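The chain contents come next:
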Amino acid sequence: SYESSNGCFPPGGESTNMTTSPFGTQFVDGNYSSLARLLQYLEGTTIFNTVNFNYEYNHSSMGNVTAFTTQLNAFICPSSVRQPAGKDGAAGTDTDKVLASAFGGYGVTDYGPTVYTDISPILSTTGLGATIVTPYRDKNFRANGLLKQGKTTISECIDGTSNTLAFAEDAGRDPRFQSPYVRGTAPALVLPAYNVWSPADSGLPLRYWRWAEADSAFGVSGAVNNKYPYSYCTAWATTSCSDPNGLPVAGNNAGANDEIFAFHPGGANALFGDGSVHFLKATVALNVLRNLVTLNGGEILSSDQY
């Protein structure tokens, strides 16, 4: 419905800066998630009409706080587990959290756009960014997903919308998880000058469990339901914590931390560009998973491969 009305797919919020080497992560296109743009097509027209997209969802004017502290059932998987249950709660010390606590916290999501993949096309284990968590990652082979930067038309999806992911489960994200990206600017990133609640909030991690947050999108670097063991950060942490192997939890690509993950046995649900939903097996081959994410890789896929 969105595509029919606008002649394109909604941008993911997070996307790839193709001018850096290796390619980097950026938050452009108004710094909003796809879910915020899809509200009026998900029986959320009343909420959509209250949003001022000229300001971030957590702008200090509080003009958007009523809309984005609303929890939509459509954005939650009934099987997911998070702490706290429901919205993101009243704890936290950054200014936007303290003010929003009067509304019970921001609404959260178990789904996000799969905006890129950096799985090695040849499944090399020596690529840039490869770790024991995501051994086949190679940032030098990063490729766009369907909901990339700007207005993506159907004609750009040469792999076919029925063969290309748009959204996938990343269920259970909550304040114990930490984004590797922060408000303001950071090296190797193209980030907007966030209109944050307070200058003191600059440099705090993005809150990617919230459905309005552009960072609720993610890249696919490893296996479906990767259950590599890692420690949670303390809720609302302002500095990164490490897993048992000393790797930073922020962006470590295990569990519900920026990867395809669900609480379903054997796999996770994904929404394809044609509007269909399929269950991706946890055993899907990594090269097949890469091919499912890319929109113009020219691969030929069949449903029995995933």
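Heads up: the structure comes first, above all this text.
Described below are features of the structure shown in this document. These numbers were taken from a predicted model, which means no experiment stands behind them.

**Quick word on the pairing of strand 1 (residues 14-17)**
Logical step 1: For strand 1 and strand 2 (residues 24-27), the ladder comprises 4 bridges, and the chain directions are antiparallel. When the bridges of strand 2 are listed, Ser15 appears paired with Gln26.
Logical step 2: Where strand 1 folds back on strand 2, the antiparallel hairpin that results is connected by 6 residues.

**Some words on the side chain of Asp170**
Logical step 1: Within the secondary structure, Asp170 is located in the loop between strand 5 (165-169) and strand 6 (218-220).
Logical step 2: Among the polar contacts made by the side chain of Asp170, one reaches the main-chain amide nitrogen of Asp258 at a distance of 3.3 Å.
Logical step 3: Non-local contacts of Asp170, meaning those with residues more than four positions away in its chain, are made with Asp110, Tyr111, Phe218, Gly255, Ala256, Asn257, Asp258, Glu259 and Phe261.

**Quick notes on the pairing of strand 5**
Two faces, one strand: in a regular strand the side chains alternate between the faces of the sheet.
Logical step 1: For strand 5, the tally of buried residues reaches 5 of 5 residues, placing the bulk of the element in the interior.
Logical step 2: The pairing of strand 3 (residues 111-117) with strand 5 spans 3 bridges and is classified as antiparallel. Of the residues in strand 5, the one forming a bridge with Pro113 is Phe167.
Logical step 3: As defined by bridge partners, strand 5 adjoins strand 7 (residues 267-272) across 3 bridges and the pair is classed as antiparallel. Bridge pairing in strand 7 places Phe167 opposite Leu271.

**Observations regarding unusual backbone geometry**
Logical step 1: Of note, the amide linkage connecting Ser21 to Pro22 takes the cis form, showing an omega dihedral of -5 degrees.
Logical step 2: Mapped onto the secondary structure, Pro22 falls in the loop between strand 1 and strand 2.
Logical step 3: Geometrically, the link from Gln83 to Pro84 is a cis peptide bond, its omega value of -5 degrees lying close to zero.
Logical step 4: Although it is not a glycine, Glu43 sits at a positive phi angle of roughly 60 degrees.
Logical step 5: Tracing the chain through its elements places Glu43 in the loop between helix 2 (34-37) and helix 3 (45-48).
Logical step 6: Relative accessible area serves as the criterion here: at 82%, Glu43 is assigned to the exposed category.

What counts and how
Residues numbered from 1 in each chain as written. Predicted model: local features only at pLDDT ≥ 70, side-chain atom pairs only at ≥ 80, totals over all residues. Heavy atoms only, no water. Pairing = 2+ DSSP bridges. Helix = DSSP H or I, 4+ residues; strand = E, 2+ residues; numbered from the N terminus. Polar contact = N/O pair within 3.5 Å; in protein donor to acceptor, adjacent residues only side chain to side chain. Contact = heavy atoms within 4.5 Å. Buried < 20%, exposed > 50% of the residue type's maximum accessible area, 1.4 Å probe, protein only.

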